[in-house]
Amino acid sequence: MRELEFTVWELTGCPYFAKHKPVTKEGVIAFTVGAERHKVIQELLRRRGFIIEQAVNYYITYKNTVVLIKGRIDAIDPVNKIIYEIKPANLTMRGIRQLALYRDLYYLDTKQVYDIGFILYRKHGETLRLSFINNMLYKPRLLEMFNNVIEIIKHYIDRDEPPRVSCDDCKYCELRSECKPVLKYFGLNLVPLRK
Ligand code: SF4
């Protein structure tokens, strides 16, 4: 049996871009700053009784390949049963896809349906201002995102290369003027563009 591994991050954006994107100084700085802010917020949440950095690992098998989908949930409120993603206030659709996929993977692992929400942060002077958002008007259906990423994984295995998925990543991608994506994320929907 062949083995493959995907992160929640790559499956909720363009897997081709995730594999080939250039490492830039600006990207490294943005990642480091984001990671530090996450740490500060997670420490606050831990003191409130939240579960932090919960690993989710889920295996599927397709055409003689065992596939691991893996990620880490930023924070879980175990009392109110809410899975949270921590994001900057300028939230993207990709963030919503990630959160929906974490909820689905958690459900598949534990058989418990949790609600979902965001903890959005904004820098204000030296402090971080937090907003808890768990009354989203639109909530993805259970397993909607999981079914999307299964399609992406099948494309990958059928063609033995990471599929090009048109999404928020395209604006940072050097290939955007010449690319022929095979799939497109319209918000939370995944649609085929070509065979
Ligand atoms: S242009 Fe978009 S779809 Fe094409 S490789 Fe880049 S990120 Fe992926």
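Just above, that's the structure.
These notes cover the structure that comes with them.

Definitions and limits used
Residues numbered from 1 in each chain as written. Predicted model: local features only at pLDDT ≥ 70, side-chain atom pairs only at ≥ 80, totals over all residues. Pairing = 2+ DSSP bridges. Helix = DSSP H or I, 4+ residues; strand = E, 2+ residues; numbered from the N terminus. Near = placed C-beta within 6 Å. Nonpolar A, V, L, I, M, F, W, Y, C, P; charged D, E, K, R; others polar. Expected span 1.5 Å × (residues − 1). Buried ≥ 20, exposed ≤ 12 C-beta atoms within 10 Å, placed from the backbone. Core = buried A, V, L, I, M, F, W, Y, C linked by C-beta atoms within 7 Å. Contact = placed C-beta atoms within 7 Å.

### Some remarks on the pairing of strand 3 (residues 65-77)
Then, in step 1: As defined by bridge partners, strand 1 (residues 2-7) adjoins strand 3 across six bridges and the pair is classed as parallel. Of the residues in strand 3, the one forming a bridge with glutamate 3 is valine 66.
Then, in step 2: Following strand 2 (residues 51-62), the chain reverses through two residues before pairing antiparallel with strand 3; lysine 63 in that reversal takes a positive phi of roughly 45°.
Then, in step 3: Two elements, strand 3 and strand 4 (residues 82-88), share three bridges in a ladder whose sense is antiparallel. Opposite alanine 75, over in strand 4, you have tyrosine 84 as the bridge partner.
Then, in step 4: In sequence, strand 3 turns back onto strand 4 through a hairpin of four residues, with lysine 81 there showing a positive phi of about 55°.

### Brief notes about the site of the ligand
Then, in step 1: Taken together, the neighbourhood of the ligand is formed by 13 residues, with Cys14, Phe17, Cys170, Cys173 and Cys179 sitting nearest.
Then, in step 2: When residues of the shell around the ligand are traced back to their parent elements, those giving at least two are helix 2 (15-20) and strand 7 (165-166).
Then, in step 3: The class makeup of the residues in the shell around the ligand is nine nonpolar, one polar and three charged.

### Considering helix 4 (residues 93-110)
Then, in step 1: With 18 residues, helix 4 extends 26 Å between its outermost C-alpha atoms, agreeing within 8% with the 26 Å of an ideal straight helix rising 1.5 Å per residue.
Then, in step 2: Looking at helix 4, one finds that the buried residues are Ile96, Arg97, Gln98, Leu99, Ala100, Leu101, Tyr102, Arg103, Asp104, Leu105 and Tyr106.
Then, in step 3: Looking one or two residues past helix 4, lysine 111 carries a phi angle of roughly 65°, positive in sign.

### A look at the nonpolar core
Then, in step 1: Residues Ile73, Ile83, Leu99, Leu101, Tyr102, Val149 and Ile152 are the most contacted members of the largest nonpolar core, which totals 35 residues.
Then, in step 2: For this core, the elements supplying multiple residues, two or more each, are helix 1 (8-11), helix 2, strand 3, strand 4, helix 4, strand 5 (115-124), helix 5 (144-159) and strand 8 (183-186).
Then, in step 3: Considering every element that reaches this core, the biggest residue donor is helix 4, with seven residues.
Then, in step 4: For isoleucine 73, the contacting residues outside a window of four places in its chain are Gln54, Val56, Ile83, Tyr102 and Tyr106.

Everything listed here is a matter of geometry and, on its own, says nothing about what the molecule does.
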